[in-house]
Structures are given as C-alpha cells and as structure tokens.
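Single-letter residue listing:
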Amino acid sequence: MIKVLRIINRFNLGGPTYNVTFLSKFLAEDFETKLIGGGKEEHEGDALFIPQKYGLKPELVDTMVREINFKSDRKAYKEIRRIIKAYRPDIVHTHASKSGAIGRYAAYKENVPVIVHTFHGHVFHSYFGRIKTNIYKLVERYLAKKSDAIVAISHLQSKELSETHRIVKKEKVKVIPLGFDLNKFNENKDEKRRNFRNHYDVKDDVIAIGLIGRFAPIKNHNGFVDSIAVLAELTKRKIKVFFIGDGELKASIQTKVKCFPDNSNISFVFTSWIKDVSQVLPGLDIVALSSFNEGTPVSLIEAQASGVPVVSTDVGGVRDIVEDGKTGIITREFDAENYAKALLLLVEDEELRKEMAENGWENVNQKFHYNRLCKDMEVLYRDLLNKKKISMRKNLFILTSIIILALVQSCGVNSNLMLKTQKDYEFANIDSLNPTKDEYRLDVNDIIQFSFFTNKGQVILDLTMPDEDGQNRRLNLNNTLNYVIQKDSLVNLPSVGMVNLVGMTVRDAENYLVEAYGTLYNDPFVQITVTNKRVIVFPGNGGDASVLYLANNNTTLMEAIALAGGIAERGRASKIKLMRKNEEGRREVYNIDLSTIEGLEYTDIFVQGNDYIYIEPVPEIGKEILEEVAPIVSLISSAAIVISVINALQ
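Numbering of residues starts from 1 in every chain and runs along the sequence as written. Reporting in this predicted model follows two pLDDT cut-offs: at least 70 for local features of residues, and 80 or more for side-chain atom pairs to be given and counted; totals over whole chains, interfaces and linings ignore these cut-offs and use all residues. To get the side-chain values, take all heavy atoms of the structure and skip hydrogens and water.

### Quick look at the sheet that holds strand β23 (residues 571-581)
The criterion, for reference: A pair of strands is considered paired only if DSSP assigns at least 2 bridges between the two. Numbering goes from the N terminus for both helices and strands, where a helix is a DSSP run of H or I of at least four residues and a strand is a run of E of at least two. A fitted line through C-alpha atoms serves as each axis, taken over the contacting stretch for helices, and the angle formed by two N-to-C directions is quoted from 0 to 180°.
The strand order across the open sheet formed by 5 strands is β22-β21-β25-β23-β24, and the pairing between neighbours is mixed. Pairing within the sheet leaves two strands with one partner each, and these edge strands are β22 (546-549) and β24 (587-592). Going across the sheet, the axis of each strand differs from the next one's by a mean of 20°, ignoring polarity. Of the strand pairs in this sheet, strand β21 (residues 534-538) and strand β25 (residues 612-617) are connected by 3 bridges, and their pairing is parallel. Within β25, the position partnered with Val537 by the bridge is Ile613.

Below you can see the structure in the form of structure tokens.
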C-alpha cells in the first residue's frame, strides 16, 4: 500500500479543494490517502462539505492560516511533523503556497521518501511589491530543491515557473491539469435555468452576466465594474450582473455600483457564496473573469460544462481551458474598453452565444475529468517512487561498503561514552520532583558536623564524649565535632549513644535529636551539617567529569552545571540525565530538556549529595570513523589512480 499525505492550505470554494478531494478519493486501490488542511478563513466560503460529500473526513490544522504568522506557523509546522511521524507516508503532496512551505519543509525534516507540490497559482506577479515578491521567490526556490516533483496545472504556468521566474528546473516540472466531476453541470440545464432566473426575477429579455470569486484585489472587481459602465454606453439591452462570492473588498464594490443611475439598463446582484454553482451557471448567459493573475480558473471550466460562453483576461492557464472564438473570448491585458467590447459581442449576438455554449461541453469533458487527473497523478507517483528506490539501492550499496570498512577499523569509536539509554527506556517522571522542596536524606558513610546549644544560645559545657584514646573531649563553640554514619546505619553521638539517622532529612534528624537530648537537658538546640555532600557532573565531553562539594543545601541544577564549567561543546542540552537515589536506595533517572525556554522550570531543582548529573554528549561517530577509515580510503584512491594510469597507457 502506497501511503500519501495530502496537505492543502484550507478548504475554500475553488479548484484546489476539488482537486485534493478527487485525488484523495479516486486514486487506484493500492493508494491510501490522508487529507489534512488549515481552518476556515474569514470572508471565504467554507467548502469542507466538498470532501465530506465524497465520504472523506479531513483532519484540520487550525494553526495553519493564510497570512504569515510566525507563532501559528511554528505550531502548524510542529503539528504537521507530528502527523507525518504518526502516519509515516511514502509521499507528501502539498497544494498551494502556505501548506507547500510548511508541509514540504516538515516532510524534508522527517525524511519522507517523495515530496510533491502543486502550484494552483502563484504570487510572483500582481500580488506584492518587488521586495516581498523576491523573498517569496527565494523561499520557493529553496523548497523546490527539497521537492522531487513540481506539478503545474497548465503549460503556461510550467513555463512561468521554470523560465520566467526560474523557481525550478524544467525537468522537475510535470504538467497535470485539474480534474472535476463535470457531469452534474451538464444535467437538467433547462430546469436549473428556469429555477435560477425565477428566483432572482431575471426576465427572458435580460442578459445575465456572472463573475464568480472572492472579492480580492487580484480578481480585479473594480476593473470589471468599470467595463460594465462602458458596456452600458454601448448597448440598450437590459443586463443583470451577478457577483457570486465574498471577501474584504465586497463593501467597496457594493458602494461603487451605487453610482449607476436608477434608470440605467444595468442592475447588480450580490449573492455571496453559493455552494452548488451547478444550480447557478445554466441561469447565466455569460461568465466573466477579469483577474490579473490566475492558476486554472475553475469557474471557466464549470461554465463551459454548463453550456455558458465565457469572457476572460489572458492570464494563467486560461488558454489551456478556453478555445478563443469557439467557447469564449479571451482579451489580452485587461483594459476596461476592450473588455467591454468583448462582452458586447456576446450580449448582442444570441447565435454566437448558442454556438459557444454547444462547444463548451465537448471542450472540457475529457480534458478536465477527475479520472484523467487521477491516472496522470498515479503515473507520476509510481515513477517518483521507482526512481527513489533505484537511488536508495545505489546509496545503500555505497553506505554498506563504507560501514563494513568502518566496522573493521572502528572498534574503539566513541568508547568513552557512558550511561547510555535505549530508545524505549522509561525515565522517571520529572514532574514528581519538587523543584524547591526535595531534601537530601542522610545515608551510610555521611560525615555530619554536630553542634549543640540551648535555645537561649548557651553552649552546653558538660557535653563530652570519649575520643579514640579514651579521653573525654569537650564540645564547645571552637571545637565542633564530626561523626561518621557507620555501615550499620548507626552513629555514636555524645550522651545519647548509638542512634539511627539514615533516611532522615537534616531537619528530621535535628528534630529527632532535640527530643533525644530533651530528656537530658533543658531547652536543647541541635544543628547538623553534612560535610561530605558531593555531586558528580559529566558536562558532555565524553568521559570528562567534575566532583562538586555542596557548600549549602539549596544548590540548584543550573548552579551545579555552572560550577562544573557549563555544558561542554559536545553536550546535548536536550539530554541531561539526573540520577538520584530513591527511598529504597535505587537510583532513578530523570531526563531534563534545557534546550528550550520550557526547560526553565526545571533549572531550580535542588541537587542533593550523591546525585549524578550526566549531560549526554553528541556521538562523534563520523569524525572518529573518518579518522579510522581515512588510511583505507586513501589506499583505495591511490589504487584507483594507478589502475586508471595503467589502462590509459595500454
């Protein structure tokens, strides 16, 4: 089973949504497809119903939004990487700009075998200023190098990508036009026409012109209204103009059309988005497109399938889908007067409209059916996978040869690395550590410093204890005694004799001794200090280590690392292992990640005596293997040169 992860910017009404739907639903049975996309954008029609209609359940990545937003884009990137890791696709195929940038880079980082991107349009002219456009070009050139194939939806777009804007090499571009389920547009057209025109009160003698698309500068609604104003001066026919869509410029266009006089032969209708345009198109007499830039305009394909002639500017893949003079009229660069004259030809000539309407279905039926789209894409996918397999076999042979040589020579590679953990090793729960309240517990062989006072600060002068010579030693302010906790967990203290302090915190031990001495003295006060608390820090440079003596009880993890000289050059801040004995005396291992700001909450953990802090070093496998294998490679190279010279002389 070939697994494909398909990623789209968002599910809005238009060609890309239909494209990903049919490719996700109708590929051959040996393909399995997971479809994901961004959330709904304001002012755009939500077209999630399109994939759902075909039984698909896309996964939404709401953080993938249309505008550049580094915070949400980073979240989307992490989420897509998570999906790739879980799904493990053979192919990642992205559609349109934002998903193409985030999805392709995530796929590259996750080593997906095949990466494909479809340009449904581009922003390399008429969208932004020169500087911003050049930045987009640089990004797309970089991403094209990480892609195995770039799909253009028209021959003109292919030329623009490879020659005009030099985004990608020509041999990497594959032209695969869009595909649609067009049958519904050619069915029951008379009934649909009656229903639409009755609903909007369009009389038989009125010419209905429709422009379908979001209200955005690139769609040039302003210019279209200007051309309608010119048309009004050229014809006496009654015309009703339908704007089907929504967008940020809708209000300004609504204001602009109010300038037409009430007695004008032109009227305007703003319908907003209509989900099923197959119910709309038969009711129109002309479908218009006035854009400055396009990919493959779906509205023109659907119009021809519905038997409606079109008038369009010469942009994007328009000439690939419209036969100029047969199914519609294509104008060169947009000019209000020339565009109005093209509209006028169809407004005044009913026979021409009928002729073009009859040619429309024949023109688009086979070229733009989803069956053709899926077959073309299957061929591309299989070809790319086969090439990748051949390349992988070659690389595998070379790599295997190098590894064999390396293994022969590299028995000592990274032999100084310690305390390795397997990938599935279960670390202790770091959140179970209290960053500021976990206290050290006394243990065998600890050396404790013992001071004894009354609560009034007076030294107890008669507190003595035999020394090794049998002589009494007086405990006073200038002669604080040290005691060792023996292997049997007992420590021999003055007056109270042998006591067991193992497992107690310093505070618990002090309270315990206050009670013990309280039977012998009035208002006793005991102070204990552990003088031999040590922490061993491995800073991340192989076998190097430092022993730190803790001068106080509140030394933090960050302080301990700093006292050891910081993380070594080879150290991995994301792999810091804290090894600490639990109450049963067994060491538990906590993995701490300080590579990001989120790790800050763990820097204030108090270290304890007998803790090990091991910062995992980055293995220098490549460096050490190269040092070991270099003589062999040199010998092989020399032999190859000698053989080449001998062959040349012969």
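### Quick look at the side chain of Ser489
Our working definition: Here's how the labels work: a residue is buried when its accessible area is under 20% of the maximum for its type, exposed when over 50%, partly exposed in between, all with a 1.4 Å probe on protein chains only. Every residue pair with non-hydrogen atoms within 4.5 Å of one another is taken to be in contact.
The topology assignment puts Ser489 in the loop between β17 (481-484) and β18 (490-493). Its relative accessible area of 19% is what places Ser489 among the buried residues. Dropping the residues within four chain positions of it, Ser489 is found in contact with Val444, Val499, Asn500, Leu501 and Val502.

### Points about the sheet that holds strand β11 (residues 286-289)
Ordered in space as β10-β9-β8-β11-β12-β13, the 6 strands form an open sheet in which the pairing is parallel. Of all the strands in the sheet, the pair left with one neighbour each is β10 (266-270) and β13 (328-331). Taken over all neighbouring pairs, the strand axes of this sheet differ in orientation by 20° on average, direction set aside. Across 4 bridges, strand β12 (residues 310-313) lies against β13 in parallel orientation.

### Side note on the pattern of salt bridges
Here is the rule we go by: Salt bridge, as used here: a side-chain nitrogen of Lys or Arg that lies within 4 Å of a carboxyl oxygen of Asp or Glu.
Counted under the stated rule, the structure contains 27 salt bridges. Between Lys203 and Asp201 there is a salt bridge whose closest N-O contact spans 3.1 Å. Look at Lys203 and you get partly exposed, because its relative accessible area is 49%. Note that Glu350 is salt-bridged to Lys354, the shortest N-O span being 3.8 Å. With Glu350 and Lys354 both in helix α13 (residues 350-364) and 4 residues apart, this pair spans about one turn of that helix.

### Re helix α8 (residues 221-234)
Think of an α-helix as 3.6 residues a turn; residues three or four steps apart then line up on the same face. Note the following rule: The span expected for a helix works out to 1.5 Å for each residue beyond the first.
Taking 1.5 Å per residue, 14 residues should reach 20 Å; α8 reaches 20 Å between its end C-alpha atoms and fits that length. For α8, the full list of buried residues reads His221, Gly223, Phe224, Val225, Ser227, Ile228, Leu231 and Ala232. Structurally, α8 contributes buried residues whose contacts are with β8 (206-212), β9 (238-244), α9 (250-257), β10, β11 and α12 (336-348).

### Focus: unusual backbone geometry
Although it is not a glycine, Ser272 adopts a positive phi angle of roughly 65°. Note on placement: Ser272 falls in the loop between β10 and β11. Phi is positive for Ser489, close to 75°, though the residue is something other than glycine.

### Here we look at a nonpolar patch on the surface
Rule in force here: Without a salt bridge and with relative accessible area above 30%, a residue can belong to a patch; like charges are then joined within 9 Å and nonpolar side chains (Val, Leu, Ile, Met, Phe, Trp, Tyr) within 5 Å. Note on areas: Shrake-Rupley with a 1.4 Å probe; residue coverage comes only from the protein chains shown.
Among the surface-exposed residues, Ile131, Ile135 and Val139 lie close enough to one another that they form a single nonpolar patch of about 300 Å² accessible area. Mapping Ile135 onto the fold places it in helix α5 (residues 130-145). On the accessibility criterion, Ile135 (49% relative accessible area) is partly exposed.

### Examining the packing of α8 against α9
To keep things clear, this is the line we draw: Each angle gets one of four labels, with under 35 degrees taken as roughly parallel, over 145 as roughly antiparallel, 65 to 115 as roughly perpendicular, and the rest as oblique. Should the near helix be turned anticlockwise from the far one by less than a right angle, the crossing is termed left-handed; should it be turned clockwise, right-handed.
Viewed as axis vectors pointing N to C, α8 and α9 meet at an angle of 15°, and their least axial separation amounts to 10 Å. Taken together, the axes of α8 and α9 are roughly parallel relative to one another. Helix-helix and strand crossings are classified by hand; for α8 and α9 the assignment is right-handed. The segment α8 lies against α9, with His221, Asn222, Val225 and Asp226 engaging Ile253, Lys256 and Val257.

### What about the packing of aromatic side chains?
Heads up, the condition is: Working definition: rings of Phe, Tyr and Trp (its six-membered ring) pair if their centres are within 6.5 Å, and the pair is stacked with planes under 30 degrees apart, edge-to-face with planes over 60 apart, and tilted otherwise.
What the rule picks out here adds up to 25 aromatic pairs. Geometrically, the ring pair formed by Phe196 and Phe242 is tilted, given 5.1 Å between the ring centres and 55° between the ring planes. Placement of Phe196 in helix α7 (residues 189-199) and of Phe242 in strand β9 is noted, with a sequence separation of 46 residues between them. According to the relative accessible area criterion, Phe196 is buried, its value standing at 5%. Consider the rings of Tyr425 and Phe427, whose centres lie 5.1 Å apart with planes at 70°: the pair is edge-to-face. For Phe427, a relative accessible area of 28% corresponds to the partly exposed category. Linked through ring pairs, Phe215, Phe224, Phe243, Phe260, Phe268, Phe270, Phe334 and Tyr339 together constitute an aromatic cluster.

### What about a negative patch on the surface?
Using the following cut-off: Positive charges come from Lys and Arg, negative ones from Asp and Glu, while His and the chain ends are left out of the count. Where a charge sits is defined by one atom per residue type, namely NZ (Lys), CZ (Arg), CG (Asp) or CD (Glu).
Taken together, the side chains of Glu348, Asp349, Glu351, Glu355 and Glu358 define an acidic patch exposed on the protein surface. The leading source of residues in the negative patch is α13, at 3 residues. Summarising the element assignment, Glu358 is placed in helix α13. Residue class for Glu358 comes out exposed when judged on its relative accessible area of 62%.

### Structural notes on α5
Short version of the rule: This arc is built from the directions going out from the helix axis to the C-beta atoms.
A rise of 1.5 Å per residue sets the reference length of α5, with its 16 residues, at 22 Å; its end C-alpha atoms lie 23 Å apart and thus fit the reference within 8%. Buried within α5 are the following residues: Thr133, Lys137, Glu140, Leu143 and Ala144. Seen along its axis, α5 keeps its buried residues to an arc of 130°; they face one direction. For α5, exposure combined with an orientation more than 90 degrees from the buried face picks out Ile131, Leu138 and Lys145. The secondary structure elements touched by the buried residues of α5 are α4 (97-109) and β5 (114-119).

### Concerning the environment of Arg372
Summarising the element assignment, Arg372 is placed in helix α14 (residues 370-409). Measuring from C-alpha to C-alpha, the distance between Arg372 and Gly179 comes to 6.9 Å, with 193 residues separating the pair along the chain.

### What about the environment of Tyr590?
If you trace the backbone, Tyr590 turns up in strand β24. On the basis of relative accessible area, Tyr590 is assigned to the buried category, the value being 6%. Expressed as a C-alpha distance, the spacing of Tyr590 and Asn429, which sit 161 residues apart in the sequence, is 6.7 Å. Excluding residues that lie within four positions of it along the chain, Tyr590 makes contacts with Phe427, Ala428, Asn429, Ile430, Ser432, Leu433, Ile576, Lys577 and Leu578.

### Some remarks on the pairing of strand β14 (residues 447-454)
β14 sits mainly inside the fold: 6 of its 8 residues count as buried. Pairing analysis gives 4 bridges linking β14 to β17, with the strands arranged antiparallel. Note that in β17 the partner of Ile448 across the bridge is Tyr483. Of the strand pairs in this sheet, β14 and strand β20 (residues 524-530) are connected by 7 bridges, and their pairing is antiparallel. The partner of Thr454 across the bridge, within β20, is Pro524.

### Structural notes on the pairing of strand β19 (residues 497-500)
As judged from the 4 bridges shared by β18 and β19, these two strands associate in the antiparallel manner. Among the inter-strand pairings, Leu493 is bridged to a residue of β19, identified as Gly497. Linking β18 back to β19 in an antiparallel pair, the connection comprises 3 residues, with Ser495 at a positive phi of about 70°.

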